[in-house]
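# Observations on the model geometry
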Amino acid sequence: MFSLSLSLSLSLLSFSLSLSLSLPSLMADQLLSTATHHRTLPENYVRPESQRPRLTQVITDASIPIIDLGSPDKAQIISQIGQACQSYGFFQVVNHGIDTELMVKMMTTGLEFFRLPPEEKAKLYSDDPSKKIRLSTSFNVKKELVHNWRDYLRLHCYPLEEYVPGWPSNPSSFKEVVSTYCQQVRGLGFRLLGAISLSLGLEEDFIERALGEQEQHMAINYYPKCPEPELTYGLPAHTDPNALTVLLQDSDVAGLQVLRDGKWMAVDPKPSALVINIGDQLQALSNGRYNSVWHRAVVNSNKERMSVASFLCPCNNVIISPPEKLVSEGSPATYRRYTYDEYYKKFWSRNLDDEHCLELFKREKAF
Ligand SMILES: O=C(O)CCC(=O)C(=O)O
């Protein structure tokens, strides 16, 4: 009797062990970068007719402002940034201080990572959005009904010494290249937050102080060639939940599009430029003066595409509310006070292309 129950529990143990060992690799089979070539778009990536990207209607010259941060005329830079945040919510920066060579290395290292063998990538696969280092696909595979044609490696990057040890060691240059890039992007992000504060008539360090000890996250996005790009997205229309995003785009392949006056505009890559956009928290903090704008990534059938998004995020327990200077009787606070933690949880509990998440934080109007 004893030996029967022992052998039963041993076989149960070995069954559950083999199940748990094979589970990550089974899940990792969902990665597009490990899947075999598709001739047609799998059913669960096809958007209903009314939600497709209508690629022929996209305006190709987006004329998104390009701001030269190396210009000696600081007042002009601040005014250009203010105008861009108000009208487009997006701008590109050149002479931003980040080495072109480092930008290229960041891209090639990211691409090398996605080219690793499936068993190597399976080690990092997870569809749990709360994980601080994870390789995943689409957006929120457990929740969404239709998937997106994207794989991504998502990393928490601040403080670096806390996270870098857990980052991939393959490719061998990964930790060094990505951590150097992260440090430089953080410096640029803070410079931009200073300029944005000044453009709102606030003290230069106002936003930096208001956002507390900021977290920094990175999404290394990989969009493989897609057999039917007109039926799906790399990322559907969304706004960014954080404060400020710095996007390094593939220098050869376009894919980012921004909504302006109801029309989608392509942000064509400019050599050495970085794309900056205002996230939901700066829209709230500026009391709606600056816009966290809808944007999306489309895919194409000829070329794979990469992008690296760096997100500056308020400290989790910081309370987001506009400064008194930006609130008046004629312009009361549009959104209620909330913590970033509350906002971020709400953001990930939804589908990416649901209504603007800030809508859920609007103050009740007093009549
Ligand atoms: O790949 C792109 O151009 C856009 C990426 C993006 O919007 C994101 O990662 O949130």
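Source: prediction; values computed, not measured.

Another aspect to go through is the overall build of the chain. Within the chain, the secondary structure is distributed over nine helices and 14 strands. Counting only C-alpha atoms, the chain reaches 80 × 45 × 45 Å along its principal axes. A sequence separation of at least 24 residues applies to 77% of the contacts in the chain between residues at least 6 apart.

Bringing the environment of alanine 122 into the picture now. Assignment of secondary structure puts alanine 122 in helix H4 (residues 118-122). A C-alpha to C-alpha distance of 9.1 Å links alanine 122 and leucine 31, two positions 91 residues apart in sequence.

Membership of the largest hydrophobic core comes to 91 residues, with the highest contact counts inside it found for Phe90, Phe91, Ile196, Leu274 and Ile276. Looking at which element gives the most residues to this core, the answer is helix H6 (residues 174-199), with 11 residues. The residues contacting leucine 274, other than those within four sequence positions of it, are Gln92, Val93, His96, Ile98, Val246, Leu247 and Leu248.

Residues annotated in UniProt with the feature "domain: Fe2OG dioxygenase" (unreviewed entry) correspond here to residues 214-314. The span residues 214-314 is 6% helix and 45% strand, and its two end C-alpha atoms sit 5 Å from each other.

Let us now look at the packing of helix H3 (residues 100-114) against H6. H6 packs onto H3 with a crossing angle of 135° between their chain directions and a minimal axis gap of 10 Å. Taken together, the axes of H3 and H6 lie oblique to each other. The two elements H3 and H6 cross, and the hand of that crossing is left-handed. Facing H3, whose interface residues are Leu102, Lys105, Met106, Thr109 and Phe113, H6 presents Phe174, Val177, Val178, Thr180, Tyr181 and Gln184. Residue classes in the contact of H3 with H6 are distributed as seven nonpolar, three polar and one charged.

It is worth spelling out the sheet that holds strand S1 (residues 66-68) at this point. If you walk across this open sheet you meet the eight strands as S1-S2-S10-S7-S12-S5-S4-S3, and the pairing is mixed. The open sheet has two edge strands with one neighbour each: S1 and strand S3 (133-137). Geometrically, the sheet is characterised by an average inter-axis angle of 25° between neighbouring strands, direction not taken into account. Judged from the three bridges that link them, S1 and strand S2 (residues 90-94) form a sheet pairing that is parallel. Bridging across to S2, isoleucine 66 finds its partner in glutamine 92. Here H3 sits on the sheet in contact with strand S4 (151-156), strand S5 (215-223), strand S7 (244-249) and strand S12 (305-313), set at roughly 110° to S12.

Within the fold, arginine 350 resides in the segment after helix H9 (340-348). Measuring from C-alpha to C-alpha, the distance between arginine 350 and cysteine 157 comes to 24 Å, with 193 residues separating the pair along the chain.

Residues in contact with the ligand, as listed here, are Ala219, Asn221, Leu235, Asp240, Leu247, Gln249, Gly255, Leu256, His295, Ala297, Ser307 and Ala309. Sorting the residues of the shell around the ligand by element identifies S5, S7, strand S11 (295-297) and S12 as the ones contributing at least two each.

Moving on, we come to the packing of helix H2 (residues 74-87) against H6. Orientation of H2 relative to H6, taken along the N-to-C sense of each, is 85°, at an axis distance of 8 Å. Between H2 and H6, the interaxial angle falls into the category roughly perpendicular. Counted together, Ile77, Ile78, Ser79, Ile81, Gly82 and Cys85 of H2 and Ala195, Ile196, Leu198 and Ser199 of H6 form the full contact between these two elements. Tallied by class, residues from the contact of H2 with H6 come to seven nonpolar, three polar and no charged.

So, about the sheet that holds strand S9 (residues 263-266). If you trace the four strands from one edge of the open sheet to the other, you get S6-S11-S8-S9, paired in antiparallel fashion. The open sheet has two edge strands with one neighbour each: strand S6 (235-238) and S9. Direction aside, the axes of adjacent strands within the sheet are offset by 20° on average. Pairing geometry for strand S8 (residues 256-260) and S11, over three bridges, is antiparallel. Bridge pairing in S11 places leucine 256 opposite alanine 297.

Thresholds, definitions, all that
Residues numbered from 1 in each chain as written. Predicted model: local features only at pLDDT ≥ 70, side-chain atom pairs only at ≥ 80, totals over all residues. Helix = DSSP H or I, 4+ residues; strand = E, 2+ residues; numbered from the N terminus. Contact = placed C-beta atoms within 7 Å. Core = buried A, V, L, I, M, F, W, Y, C linked by C-beta atoms within 7 Å. Buried ≥ 20, exposed ≤ 12 C-beta atoms within 10 Å, placed from the backbone. UniProt positions renumbered as here; feature names shortened; annotations may be inferred. Axes fitted to C-alpha atoms, helices over the stretch in contact; angles between N-to-C directions. Parallel < 35°, antiparallel > 145°, perpendicular 65-115°, else oblique. Left-handed = near helix turned anticlockwise from the far one by under 90°. Nonpolar A, V, L, I, M, F, W, Y, C, P; charged D, E, K, R; others polar. Pairing = 2+ DSSP bridges. Near = placed C-beta within 6 Å.

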